[in-house]
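Observations on chain architecture
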Amino acid sequence: MLALSIPLYRRRIGRIALDTAACFALSALLVVSALAQDASEKAVPLKLQLNKVETAGEACRITMVIDNTKGTALKFYKVDLFAFDTEGVAQKRVAVELGPLPPRKTTVKIFDFPGIACNKVGRILLNDVLACDGGDSAREACLERTETETKAGLPFDR
């Protein structure tokens, strides 16, 4: 009778080991999949391009191109911008609502930095994202995925 129970015992141990290995493999696959999805969501950039600056009376008019061609829709996307003079001294601050931003779309927005001429602006700084609603709606996540570039001849930094 002892001879019969040893193979059955070994089969049960083998089955338990196989089930345990399968559970570990499935858990690892789920973790890798979740990490890949999280990384792909964070990797989707929201690109702000300082496209054009032009004098408009007593203001410097800014044309901004917002590339959301790979992202989800945002109901609100408000940024905090600073204009620095040619000496590097902060001159003007403006909060600009750039939303709503449709998914998979590029949008153009025009706004003014009042009280400063464009020839007195040395650079523009994206200081912060003040509001972000939709998609990954955490303000910090929107700031993290925002990239800046310029075609206007002025530096545009984060």
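Right above here is the structure, for reference.
Right, let's walk through the structure included here. Note that this is a predicted model, so its numbers are computed, not measured. (Residues numbered from 1 in each chain as written. Predicted model: local features only at pLDDT ≥ 70, side-chain atom pairs only at ≥ 80, totals over all residues. Heavy atoms only, no water.)

Let's talk about the packing of aromatic side chains
The line we're drawing: Ring pairs shown here join Phe, Tyr and Trp side chains whose ring centres sit within 6.5 Å, with only the six-membered ring taken for Trp; geometry is labelled stacked below 30 degrees between planes, edge-to-face above 60, and tilted in between. Throughout this description, the term charge over a ring refers to an Arg CZ or Lys NZ atom that lies within 6 Å of the ring centre and within 35 degrees of the ring normal.
Within this structure, the stated rule accounts for 2 aromatic pairs. Directly above the aromatic system of Phe-84 lies the positively charged group of Arg-123, at a separation of 4.3 Å from the ring centroid.

Details of the side chain of Gln-49
So the rule is basically this: Each helix is a run of H or I in the DSSP string that is no shorter than four residues. Each strand is a run of E no shorter than two, and both are numbered from the N terminus. Buried, partly exposed and exposed residues are distinguished by accessible area as a fraction of the type maximum, computed with a 1.4 Å probe on protein chains only: under 20%, between the cut-offs, and over 50%, respectively. Between N or O atoms, a polar contact is any pair within 3.5 Å; within protein, one atom must be a potential hydrogen donor and the other a potential acceptor, and residues adjacent in sequence are included only when both atoms are from side chains. For this analysis, residues touch if any pair of their heavy atoms sits within 4.5 Å.
Checked against the element boundaries, Gln-49 lands in strand β1 (residues 46–56). By relative accessible area, which is 10% here, Gln-49 ends up buried. Here Asn-51 takes part through its side chain, which lies 2.6 Å from a polar atom of the side chain of Gln-49. A distance of 2.8 Å separates polar atoms of two side chains, one belonging to Gln-49 and the other to Glu-149. In contact with Gln-49, not counting residues within four places along its chain, are Thr-63, Met-64, Val-65, Glu-149 and Lys-151.

Let's talk about unusual backbone geometry
The amide bond that connects Gly-99 to the next residue, Pro-100, takes the cis arrangement and shows omega of 0°. With respect to the helices, strands and loops of the structure, Pro-100 is situated in the loop between β4 (90–97) and β5 (105–114). Even without being glycine, Arg-104 reaches a positive phi, approximately 50°. Relative to the elements of secondary structure, Arg-104 occurs in the loop between β4 and β5. Relative accessible area serves as the criterion here: at 65%, Arg-104 is assigned to the exposed category.

A few points about the sheet that holds β4
Stated formally: Note on pairing: two strands pair once DSSP finds at least 2 bridges between them.
With mixed pairing, the 4 strands of this open sheet are ordered in space as β4-β3-β6-β8. Two strands in the sheet have a free side with no partner beyond their single neighbour: β4 and β8 (156–157). Relative to β4, strand β3 (residues 76–85) runs antiparallel, the two being bridged by 7 bridges. Each bridged residue has a counterpart across the sheet, and for Phe-82 the counterpart in β4 is Arg-93.

A short note on the environment of Thr-69
For Thr-69, the position within the fold is in the loop between β2 (59–68) and β3. In this structure, the C-alpha to C-alpha distance between Thr-69 and Lys-47, residues 22 residues apart in sequence, is 9.2 Å. What Thr-69 contacts, discounting residues up to four positions off in sequence, is Arg-104, Lys-105 and Thr-106. Here the side chain of Thr-69 touches Asp-67 through a polar contact of 2.6 Å, side chain to side chain.

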